[in-house]
Amino acid sequence: MAGYLIKDTTRKEREKIVEESFGNISANCDGCMAGLAEMYQEYIEGKKEIRDINMEFHARYIRGDMEKEERRSCGLRE
């Protein structure tokens, strides 16, 4: 695999990149890893680069305009 950009990967490779980034997604903490994996679905589908997804997420967090219902956190912290 040449890189992580959509143009350099197949869907199967992108799925593997996301899966390996989070480790074993099925053995998660009350679903928090699965929620994070969902965030990268547009990357897997070839619609949006990882960089763009991360920038959008961090921009909402920094601006503080995330609604309480949208926040994802591990159930252990609540």
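Residues numbered from 1 in each chain as written. Predicted model: local features only at pLDDT ≥ 70, side-chain atom pairs only at ≥ 80, totals over all residues. Heavy atoms only, no water.

Caption draft 1: Region of the structure containing the overall build of the protein. A tally of regular secondary structure across the protein gives four helices and zero strands. Reading the secondary structure of the protein in the N-to-C direction produces α-α-α-α. Sequence-distant contacts in the protein: of pairs separated by 6 or more residues, those separated by 24 or more amount to 46%. For the protein, the accessible surface area stands at approximately 6000 Å², while carbon and sulfur atoms represent 50% of it. (Helix = DSSP H or I, 4+ residues; strand = E, 2+ residues; numbered from the N terminus. Contact = heavy atoms within 4.5 Å. Areas by Shrake-Rupley, 256 points an atom, 1.4 Å probe, with all protein chains shown as cover.)

Caption draft 2: Highlighting the pattern of salt bridges. Counting across every chain of the model gives six salt bridges. Two residues, Lys-16 and Glu-20, come together in a salt bridge whose shortest N-O distance is 3.8 Å. Here Lys-16 pairs with Glu-20, and both are found in helix α1 (residues 11–22), just four residues apart, close to one helical turn. For Glu-42, the salt bridge identified is with Lys-48, shortest N-O distance 3.2 Å. For Glu-42, a relative accessible area of 34% gives the class partly exposed. In this structure, a network of salt bridges that share partners links the residues Glu-42, Lys-48 and Glu-56. (Salt bridge = Lys/Arg side-chain N within 4 Å of Asp/Glu carboxyl O. Buried < 20%, exposed > 50% of the residue type's maximum accessible area, 1.4 Å probe, protein only.)

Caption draft 3: Just the nonpolar core, in detail. Judged by nonpolar contacts, Ile-6, Ile-17, Val-18, Phe-22, Met-39, Tyr-40, Tyr-43, Ile-44 and Ile-53 together constitute the single largest core of nine residues. Sorting the residues of this core by element identifies α1 and α3 (41–44) as the ones contributing at least two each. Among the elements that make up this core, the one with the highest residue count is α1 (three residues). Apart from the residues within four sequence positions on either side, Ile-6 is in contact with Arg-14, Tyr-43, Gly-46, Lys-47, Lys-48 and Glu-49. (Core = buried A, V, L, I, M, F, W, Y, C linked by side-chain atoms within 4.5 Å.)

Caption draft 4: Structural context of the side chain of Arg-14. Here Arg-14 lies in helix α1. Among buried Asp, Glu, Lys and Arg side chains, Arg-14 stands out as unpaired, with Glu-13 the closest opposite charge at 6.6 Å. Reaching out from Arg-14, the side chain makes a polar contact with the backbone oxygen of Thr-9 at a distance of 2.9 Å. For Arg-14, the contacting residues outside a window of four places in its chain are Ile-6, Thr-9, Tyr-43, Ile-44, Glu-45 and Gly-46. (Lys, Arg positive; Asp, Glu negative; His and termini not counted. Polar contact = N/O pair within 3.5 Å; in protein donor to acceptor, adjacent residues only side chain to side chain.)

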